[in-house]
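Chain and residue survey
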Amino acid sequence: MIDVDTDAPTRVDGRAARAERTRGAIVEAHLALIDEGDLKPTGERIAERAGVSLRTLWTNFKDMEALYAATGQRVSERQQELLRPVPPELPLTRRIEEFCAQRVQMLEVLAPSARASALREPFSPQLRRNREGNIARVRSGIEKVFGQELAYAGEGREQLLDALTVASTWSAWSMMRDAMGLDVEAARATLARILGALLVDAIAAGLR
């Protein structure tokens with residue numbers, strides 16, 4: 001008679017769940033330190049904040065690049081939680097208003113991580129991939145919300161899409177918030193003005 005261990009799947013599922021909770025705690029600890037202004041947290045500080053040993057941290061993440069990937073995914077999830085579809089049939093001014101309101105929320109969520117990433121991005125392929133992924137998501141969102149106006153641009157569609165993307169991503173937001181010292185509302189109004197000018201110009205060009 002074969003002795004079958006019927007509890008084995010339960011034990012495996014339990015270990016997997018604990019491992020997932022541990023990984024989640026490490027990622028949240030990493031983000032919490034960054035949110036509090038520690039832009040270059042060490043493995044030791046992350047492990048201490050997560051309540052795990054340094055060995056446990058490196059057992060779950062083989063290196064900082066792996067942790068950057070998981071942290072970038074969690075930041076993306078935070079942003080996606082704020083995302084609400086903007087109906088493309090709304091008037092342009094309303095679409096700009098709603099798009100900018102959401103982008104402002106997302107950019108403010110991204111801000112601490114983006115500032116931290118800027119310090120290490122030149123030396124980290126994963127942080128560069130995180131940034132590229134974020135830009136691609138913004139670009140896709142613009143295409144969904146402002147597809148009508150992009151169509152008006154004709155051969156200039158890609159250039160217009162590039163311009164809208166530049167205006168809506170972290171680099172421009174950092175310029176307004178950090179370099180120019182604008183508060184959130186002033187920066188939002190500036191973003192809306194830029195997008196409005198670009199999109200109205202595209203419509204005018206398409207009607208000529």
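First, a word on what this report is: a plain description of the structure on this page. If you're wondering where the values come from, they're calculated on a predicted model, not measured in any experiment. (Residues numbered from 1 in each chain as written. Predicted model: local features only at pLDDT ≥ 70, side-chain atom pairs only at ≥ 80, totals over all residues. Heavy atoms only, no water.)

A short note on the environment of Pro87
Along the chain, Pro87 turns up in the loop between helix H4 (64–80) and helix H5 (92–120). Note on Pro87: relative accessible area 29%, which makes it partly exposed. When the C-alpha positions of Pro87 and Ile26 are compared, they lie 37 Å apart, and in sequence the two are 61 residues distant. (Helix = DSSP H or I, 4+ residues; strand = E, 2+ residues; numbered from the N terminus. Buried < 20%, exposed > 50% of the residue type's maximum accessible area, 1.4 Å probe, protein only.)

Here's the deal with the packing of H5 against helix H6 (residues 125–145)
Their axes nearest at 12 Å, the elements H5 and H6 cross at an angle of 175 degrees. Here H5 is positioned roughly antiparallel relative to H6, judged by the angle of their axes. Contact residues: H5 offers Arg95, Phe99, Arg103, Leu110, Ser117 and Arg120, while H6 offers Leu127, Asn134, Val138, Ile142 and Val145. Looking at the contact of H5 with H6 residue by residue, the classes come out as six nonpolar, two polar and three charged. (Axes fitted to C-alpha atoms, helices over the stretch in contact; angles between N-to-C directions. Parallel < 35°, antiparallel > 145°, perpendicular 65-115°, else oblique. Contact = heavy atoms within 4.5 Å. Nonpolar A, V, L, I, M, F, W, Y, C, P; charged D, E, K, R; others polar.)

Examining the pattern of salt bridges
In total, this model carries 17 salt bridges according to the counting rule given. The residue Arg49 makes a salt bridge to Glu36 at a minimum N-O spacing of 2.5 Å. Here the residue Arg49 occupies a position in helix H2 (residues 43–50), and Glu36 occupies one in the loop between helix H1 (8–35) and H2, the gap between them amounting to 13 residues. Note that Glu77 and Arg74 form a salt bridge whose closest N and O atoms lie 3.4 Å from each other. You can see Glu77 and its partner Arg74 sitting in helix H4, three residues apart, about one turn around the helix. The class of Glu77 is partly exposed, set by a relative accessible area of 35%. What emerges from the salt-bridge pattern is a single network uniting Glu28, Asp35, Arg74, Glu77, Arg78 and Glu81. (Salt bridge = Lys/Arg side-chain N within 4 Å of Asp/Glu carboxyl O.)

Worth remembering: the numbers are spatial, not functional.
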